[in-house]
Structures are given as structure tokens and as C-alpha cells.
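Notes for the structure review
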Amino acid sequence: MKKTLTLALTGALVLSLAAPALAAEPSAFTDVAENAWYADAVSYVTAEGIMSGTGKTTFSPAATVTRGMVIQTLYNLAGAPAVDAKTSFTDLDGKWYGTASVWAEQEGLAAVPADKTFAGDRTITRAELAVLLSRYAALTGVTSEEGGMAMREAPDYDQIPSWALEGMSFCYYADILKGDSRGYLNPNGAAQRAELAQILMQFSSLTQTEAPEPMSGAVREIEKYGHAVLDISIADFEKAGFALGDTVDVVFDNGYTLSGIPYFNGYYVDKGEAMLRAYPGDTYLAVCINYGKLNETAGVQVGSTATISLAQKGAERDTQELNSLVYTDERSDYSSDAVFANFRAVTVGDIAEGALYRSASPVNNEHGRASYADALIQKAGVKTVLNLADHKEDIDGYLAAEDFASPYYKILYEAGSVIPLGMPVDYSSESFGADLTAGLAKLSQQPGPYLVHCTEGKDRAGFTSALLECLMGASLDEVVADYMVSYENYYGVTQAGQPEKYQLIVKNNILDMLRTIAGVEKDADLSGVDLQAAAEDYLTGFGMTAEQLTALKTNLSTPASH
């Protein structure tokens, strides 16, 4: 069971503080008065070895708190466990908080930014401190009770960075961050050592929580791509004490075991890696292998049973938070029909204006976007469609559905101008490359303008668009920028607004796609790769003839005429 955080003290991080009812014990520090509101906290954290003074007789209660200081104190609070010396951070040599920083990375408390610096000597803001505290609480299974809309009434609520809202909410409703006498939270201000001592004393008073009991369930469905859906509801699973970002062990009744796999609400693992999925909008959990068939690998089927137990609390919390992306299927939540349908012209490199478009599916209305995409491709004058997601039987089913409202697509389909490929999502597989090349060979013999689509228009359409962009001489930056428009359309992720999340998506998605096209190793530097030559080699390697390649390039470089 999770332990709910209820704290009697409200001093830590609070800007207007009353003196405690009980007098503090005499302090060894000359700069900590016996009647100071933080005296008890300073005595406690120093006696317990959680914090130390800044000198033999000084504690420096008014000094600002640094990132390294916070991580070191949390590491001390956790009992200074042994850690593997391996770290991704590059600026820890000789730092007194080095071991604590390695621990923080391994426990999911500290994310590794693009420049791989920990920046432990930098003053930490209240918002950053709140996030670290909430992560540490999650690591130990502690939550706070929500308090309605109260925090939103703070005059500077709108100054809380979006990435810190959850952490600030935790601290606010746990009564350790309530603002000053005017209600200001000051999220971007610095905290003081006295405040940190107070909050650490409060944290240390919490008892360790028990791990949630293991849960068992049967496989109720094997999805199209081999994911095993269990009859354990997401709501019941999380009510039992599991949370997104935890790692779990899954043991099937045939003995097949997945150890320490992450519990995510999206596919935030590398190709071939397993995860437990709680997809937004789904009712039940699913055990998955990203770009792989779990049912075949594990040898399971409908009726097989599995037991899930906690491996580590919050071990993948940073990854979950950085990647967590949820979109709605409500048109009113988007700025235009084109954004809602993820529709756009592709015009990078030598691709002519109006020659190539990409979008979400104009025929599969699973996400309510089909009619919008259909109207947009009709307006654009699309003549030939490459459908990466569906087989002919799938399209026939969409056309017969009650909610079908894509008349232009039907005209193209019945005229033989839709090329259905029904491709898997694993873009690195041989079958993907062979099927895609065969489809593009057919496309080269058909008139443009062309439309490339899958279901959402992000991954299979993203790979195909990137391949064609490279073929037509687009630069690396142009290909990346076009791919990331889909993430802006669906999730509002931009490089300016969410740089860390933006770069993580680039690294985990489009750069990996481009390495597949170029045939280079994972994490290889692409800056010196001739992407146009790589695209040509990719296509010819999968059987495209020189004549088909020339025809495709000619069609893509010819402006549309309506």
C-alpha cells in the first residue's frame, strides 16, 4: 500500500514562518540561534548525518541551496547505499556530491541532459527542488492528498514551469510549500539551507512503505502486433500501489520471465525491449515488446496467465515524465483542420511544391480524423495514395463502417489510385524495407501529387517521408524538423517550449530512423553521412530499379498542376 503524506509541520519552503512551540536544543553552530524556527531541524539533520555544516561552527542557514547539495542530502536520507560507479554525467570528477549524483541518475531522480552535465554547483530553484522532492517521495512510495484547485489561486501560479507542476502540486498539498503571506509560491526563486533542513526532517519522519502485492491476470487478447493484453485493469493496478515509471517483474505461467521492465503509458523503450503498457484510453494493461511480437517471443496466447510484481519504485520515472505524451481526438483542441489531421505538404530538398503530402489516415476513422484528412487531400488535388498501415481488407472494412465519411478517398481507391501496403511498425526489419520499396516502385509509375499516410502519420509515414526527403537532397536538420512537426501537431512539443523532451524524441525516433536508412550503427554520428546516397542505396538494395528511382525523383521534383 502507498503511504499518504500527512505532515504537521509547514515550515519547509514556506516564506512566512512562525516560531515552533518547543524551544530547540542548544546548537553547536554559532549562526543558528536556539529560538530560530529552523533550530530543531538543523539539530536533527546534522545529528542524523543528513546535512552537515559549512564549517566547524557554521551552518549558513541563509545560504542558497545548490543542486548538488539537494542530491547529496537525499542520498544521505536514503542511507547512502552503494552504487555502480558508471555514470552518464561528465562533470563529476572531484565533486563531493559525485557518488550521490551517480545514485540520483541510477534511481531516476536526475535526468541526463543533452550536454551530459550534472551542474551540481548551480543554485536550485524552488520549482526544481519541488520536483526532486516529489521524485524522492515517489521512489519511497509516498504520495500527497490532492487539495482541489487551491494552488491555482496563487498569484504567481502561471510562473510555475509546466515540467514542475506535478512536483509543485505534491509539495503544496503535502503542506511543505504554501507560499508567503500574500500567497506567492515564488517557484523560480532560490531556497535556503534552513528551509532544506526543515523539509528533510519532515521527510525522514515518514515510515517506509510496503511494496504493492503482486497481481495476477489472464491474457484476454493478442493485439495485431503481438502485444498481450491482460485482464488486469489499469485503474485496479494503480489503485493497488503501482505507478507509471515503476519497474516490474512479469512471470507467465509457462515460466517466461521479464525482469525489471518499465511500466509506461507509451512506447518509451528501445526496439526489442519489453515494457508493461497503460496506453491512454485503454482499460487494461498490456505486456509488449517494442517493434516485436511478445506473444511469439514469450510463447503465450489468449488464456495464458501472468503475475506482475514490483521490481523498483520510480526507477524509470524520469523517462516516463520526459516521454509522456497524450493527445485528444477532439477537433476543438487543435488550431486548424490541418493540425488536427497532421496534414502538411513536404517541400524540403528538391521536392516541388504540391508534389508530396503526408497526414493521418483519411480512411481509418479510429481517431476521428479521417474526414478532415480526406477533405484536405481533395483540396490539395492528391492523385495517388500510399497507405502504409492497411491491407485491402482493412480499407474495405472502413468503407463499410457506419461512420465512414471520406468520399474522395473512396473515389481514389475505386480508381486503383490507393496502394495498400499493410506494413508492420518495425521500420528496421527486412520485410518493412522490402514492402516499402515495392510500394514506392509502384508509386513511381503513378501520377502525383502523392499522399503518404499510416494511422497517425507519425512513425511509418515519418520514416517514409524521411526516406523521400533524403532521396531528394534534404539536409539532416530539414528532415528532423519535418518529422517533429507531427509532435507539435499532436502534443504541442516544440524545441523552444520543451527542449529536453524535443531532443529526446529526436534521439529516440527520427535519428534512429535515419541510421536505419544509412545502415550505420545505433548512436552513430550522422553529420558526415551523405543522406541522399544512403537513400538511393536503401531503395536499390531492396530491389528498386534505376528507371523506377529516376521516375520517382522526377515526379517528386515536378510542381503539381491543378
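Residues numbered from 1 in each chain as written. Predicted model: local features only at pLDDT ≥ 70, side-chain atom pairs only at ≥ 80, totals over all residues. Heavy atoms only, no water.

**Regarding the overall build of the chain**
On a plain count of helices and strands, the chain comes out with 20 helices and 14 strands. Projected onto its principal axes, the C-alpha positions of the chain cover 90 × 50 × 45 Å. Going through the 562 residues of the chain one by one, you find that 51% of them count as buried. Looking at the chain as shown, the accessible area adds up to about 24300 Å², and 49% of this sits on carbon and sulfur atoms. The centroid of the 38 positive side-chain charges in the chain is displaced by 2 Å from the centroid of its 73 negative side-chain charges. (Helix = DSSP H or I, 4+ residues; strand = E, 2+ residues; numbered from the N terminus. Buried < 20%, exposed > 50% of the residue type's maximum accessible area, 1.4 Å probe, protein only. Areas by Shrake-Rupley, 256 points an atom, 1.4 Å probe, with all protein chains shown as cover. Lys, Arg positive; Asp, Glu negative; His and termini not counted. Charge placed at Lys NZ, Arg CZ, Asp CG, Glu CD.)

**A closer look at the nonpolar core**
Counting residues in hydrophobic clusters, the biggest one holds 61 residues, and the most contacted among them are Leu-386, Leu-388, Leu-436, Leu-440 and Ile-510. Mapped by element, the contributors of at least two residues to this core are α14 (430-443), β14 (450-453), α15 (460-471), α16 (476-491), α17 (499-508), α18 (510-518), α19 (531-541) and α20 (546-556). Those residues in contact with Leu-388, other than ones at most four positions away along the chain, are Leu-421, Gly-422, Met-423, Leu-436, Val-452, His-453, Cys-454, Arg-460, Ala-461 and Thr-464. Core analysis: the next-biggest nonpolar cluster, separate from the first, contains 60 residues, Ile-50, Phe-118, Leu-185 and Ala-197 among them. (Core = buried A, V, L, I, M, F, W, Y, C linked by side-chain atoms within 4.5 Å. Contact = heavy atoms within 4.5 Å.)

**Considering the environment of Ala-100**
Along the polypeptide, Ala-100 turns up in helix α3 (residues 98-106). Put simply, Ala-100 and Thr-73 are 27 residues apart on the chain and 8.4 Å apart in space, counted from C-alpha to C-alpha. Setting aside anything within four residues of it in sequence, one finds Ala-100 in contact with Ile-71, Gln-72 and Tyr-75.

**Comments concerning the side chain of Arg-67**
Note that Arg-67 resides in helix α2 (residues 67-77). Separated by 2.6 Å, the side chain of Arg-67 and the backbone oxygen of Phe-118 make a polar contact. Other than its neighbours up to four places away in sequence, Arg-67 contacts Ala-110, Ala-111, Phe-118, Ala-119, Gly-120, Arg-122 and Ile-124. (Polar contact = N/O pair within 3.5 Å; in protein donor to acceptor, adjacent residues only side chain to side chain.)

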